[in-house]
Amino acid sequence: MFSDKLISRLKDAKLVAVFTGAGISAESGVPTFRGEDGLWKKFRPEELANFDAFIRNPDLVWEWYRYRKKIIADIKPNPGHYALAEMEKRHEHFAIITQNIDNLHRRAGSKTVYELHGNIERNYCIDCRKSYSNKEIIAQEKAPRCTCGGLIRPDVVWFGEFLPQDQWDAGEAAAERAEVFFSVGTSAVVYPAASLPMIAKRAGAYVVEINLERTELSHQADEVLLGKSGEILPKLINACYQNK
Ligand code: OAD
């Protein structure tokens with residue numbers, strides 16, 4: 001299933017970076033965005049995931065995030081997340097660069113996680129920036145308000161917004177330095193995040209894609225592993241580290 005080249009490169013690598021998308025959380029029960037059952041088939045991103053929509057109709061946007069917050073609170077990391085947490089222990093430098101907002105990598109025990117699109121477990125006031133946990137506001141059916149009166153929004157990146165600069169800089173640096181770079185469970189179509197695999201490749205990394213199906217990235221990857229990340233990643237851990 002895995003090439004000798006991948007196993008030997010990974011065994012020897014001091015620097016490994018892993019770029020993840022909604023697919024790695026699919027086996028935990030988090031819906032992906034695209035594809036047949038994707039969230040964007042049922043909801044329009046321009047109505048829900050942008051700042052103007054929030055100002056226009058805060059209660060609707062809150063309802064949608066509250067629904068997703070509840071799903072995420074009830075689910076657990078899957079074997080793919082745990083395999084990556086295990087991989088981190090085997091390399092001197094290891095980073096996960098995730099587009100996911102579900103916090104499942106940290107919950108699985110991963111330490112170095114750069115969050116390009118924010119984190120749905122955090123919230124902040126759009127006026128005074130005071131932060132709020134989900135626990136403090138989840139019971140509210142209407143868009144919650146800060147003690148200063150401002151609207152509280154989820155700490156996630158919406159369409160038209162910049163990525164958090166520190167997370168992007170750290171993720172880009174990890175991609176540039178990686179000897180082996182994995183792209184796992186992402187359709188690799190949302191930029192700038194989707195440029196990371198090519199940044200890694202241009203800088204000399206061995207680029208491996210893990211996905212249920214081929215994507216925009218597949219023809220540029222050095223190796224494509226088709227299947228579920230929750231099955232492939234644990235097998236890779238076994239194949240690579242059992243005698244190390
Ligand atoms: P997508 O929904 O675009 O893509 C999910 C990918 O995961 C697809 O390529 C699936 O084939 C693959 N997949 C599904 N189940 C899988 C499994 N069990 N194992 C491996 N692969 C699997 O999600 P993202 O690429 O994460 O942005 O989407 C990127 C961004 O688009 C999101 O972060 C979000 C969205 O708009 C923001 O909200 C800013």
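Refer to the preceding data block for the structure.
Here the structure is a predicted model, which is why all the values come from computation and not from measurement. Residue numbers here run from 1 along each chain, matching the order of that chain's written sequence. For a predicted model such as this one, the threshold for reporting local features is a pLDDT of at least 70, and the threshold for listing and counting side-chain atom pairs is 80 or more; totals across whole chains, interfaces and linings nevertheless cover every residue. The basis for every side-chain value is the complete set of non-hydrogen atoms in the structure, without hydrogens or water.

**Q** Residues and numbers for the packing of helix α1 (residues 4-12) against helix α12 (residues 229-241), please.
**A** Look at α1 against α12: their axes get within 9 Å of each other, and the N-to-C directions meet at 75 degrees. Accordingly, the angle class assigned to the pair α1 and α12 is roughly perpendicular. The segment α1 lies against α12, with L6, I7, L10 and K11 engaging L236, A239, C240 and Y241. In this classification, the charged set is Asp, Glu, Lys and Arg, the nonpolar set is Ala, Val, Leu, Ile, Met, Phe, Trp, Tyr, Cys and Pro, and all remaining amino acids, among them Gly, are polar. Along the lines of polarity and charge, the residues of the contact of α1 with α12 split into 7 nonpolar, no polar and 1 charged. Angles here are taken between N-to-C directions and fall from 0 to 180 degrees, while the axes themselves are lines fitted to C-alpha atoms, restricted in helices to the stretch in contact. Helix and strand definitions follow DSSP, with helices as H or I runs of at least four residues and strands as E runs of at least two, each counted in order from the N terminus. The scheme is simple: roughly parallel for angles under 35 degrees, roughly antiparallel for over 145, roughly perpendicular for 65 to 115, oblique for anything else. In this description, contact between two residues means that some pair of their heavy atoms is separated by no more than 4.5 Å.

**Q** Can you tell me about the sheet that holds strand β1 (residues 15-20), naming the residues and giving the values?
**A** By the convention used here, strands pair only if DSSP detects at least 2 bridges between them. Pairing in this open sheet of 6 strands is parallel, and the strands run β3-β2-β1-β7-β8-β9 from one edge to the other. Every interior strand has two partners, whereas the edge strands, β3 (113-115) and β9 (223-226), have only one. With strand direction ignored, the average angle separating the axes of adjacent strands in the sheet is 15 degrees. Both strand β7 (residues 180-184) and strand β8 (residues 206-211) contribute to a ladder of 5 bridges, which runs parallel. In the strand pairing of β8, S183 is matched with E209.

**Q** Can you break down the site of the ligand residue by residue, with the values?
**A** Nearness is judged by heavy atoms alone; a residue qualifies as near a molecule or strand once a single heavy atom is within 4 Å of it. Around the ligand there are 23 residues in total, and R34, H117, T186, S187 and N211 lie nearest to it. One of the side-chain N or O atoms of E27 is found 2.7 Å from a nitrogen atom in the ligand. Here a polar contact is recorded for every N or O atom pair within 3.5 Å, except that within protein the pair must consist of a potential hydrogen donor and a potential acceptor, and residues adjacent in sequence are included only if both atoms are side-chain atoms. One of the side-chain N or O atoms of N211 is found 2.6 Å from an oxygen atom in the ligand. Each accessible area is a Shrake-Rupley estimate made with a 1.4 Å probe; only the visible protein chains count as cover when residues are assessed. Compared with its free state, where it exposes 800 Å², the ligand has 91% of that area covered by protein. Residues that form the shell around the ligand fall into these classes: 8 nonpolar, 11 polar and 4 charged.

**Q** Can you lay out α12 for me, pointing to particular residues and giving the numbers?
**A** Multiply 1.5 Å by the residue count of a helix minus one, and that product is the helix's expected span. End to end, α12 covers 18 Å across 13 residues, agreeing with the expected 18 Å (1.5 Å per residue, within 8%). Here α12 has its buried residues at S229, G230, I232, L233, L236, I237, C240 and Y241. In an axial view of α12, the angular spread of the buried residues amounts to 165 degrees, which keeps them on one side of the axis. In this fold, the buried residues of α12 make contact with α1, α2 (23-26), α7 (79-89), β7, β8 and β9. In this scheme, a residue with accessible area under 20% of its type's maximum is buried, one over 50% is exposed, and one in between is partly exposed, where area comes from a 1.4 Å probe on protein chains only. In this description, one arc is meant: the one made by directions from the helix axis to the C-beta atoms.

**Q** Before we move on, could you go through the side chain of H91 and cite the residues and values that matter?
**A** Note that H91 resides in the loop between α7 and β2 (93-98). Among residues more than four places away in sequence, those in contact with H91 are L10, A13, K14, V16 and Y241.

**Q** Which residues make up the packing of aromatic side chains, and what are the values?
**A** Geometry of aromatic contacts follows a simple scheme: Phe, Tyr and Trp rings, the Trp one being its six-membered ring, pair when their centres are within 6.5 Å, and the pair is stacked under 30 degrees between planes, edge-to-face over 60, tilted otherwise. Inspection of the entire model under this criterion finds 4 aromatic pairs. Considering the side-chain rings of F19 and F181, the 6.4 Å spacing of their centres and the 35 degrees angle between planes classify their relative orientation as tilted. Note that F19 is positioned in strand β1 and F181 in strand β7, a separation of 162 residues in sequence. Consider the rings of Y65 and W158, whose centres lie 6.1 Å apart with planes at 50 degrees: the pair is tilted. Residue Y65 is located in helix α6 (residues 58-74), and its partner W158 is located in the loop between β6 (152-156) and α10 (165-177); the two are separated by 93 residues in the primary sequence. Among the aromatic side chains, those forming a connected cluster through ring pairs are F54, W64, Y65 and W158. Distance and angle both matter: a charge sits over a ring if NZ of Lys or CZ of Arg is within 6 Å of the ring centre and within 35 degrees of the ring normal. Across from the ring centre of W158, 3.9 Å away, lies the NZ or CZ of R153, which sits over that ring.

**Q** Residue-level account of the sheet that holds strand β4 (residues 118-125), with values.
**A** With antiparallel pairing, the 3 strands of this open sheet are ordered in space as β5-β4-β6. Looking at strand neighbours, the two that pair on one side only are β5 (131-133) and β6, the edges of this open sheet. Pairwise comparison of adjacent strand axes, ignoring direction, gives a mean angle of 40 degrees for this sheet. With 3 bridges joining them, β4 and β5 adopt antiparallel strand pairing. Paired with Y124 across the strands is S131, a residue of β5.

So, to be careful, I would describe these as geometric facts and stop short of saying anything about function.
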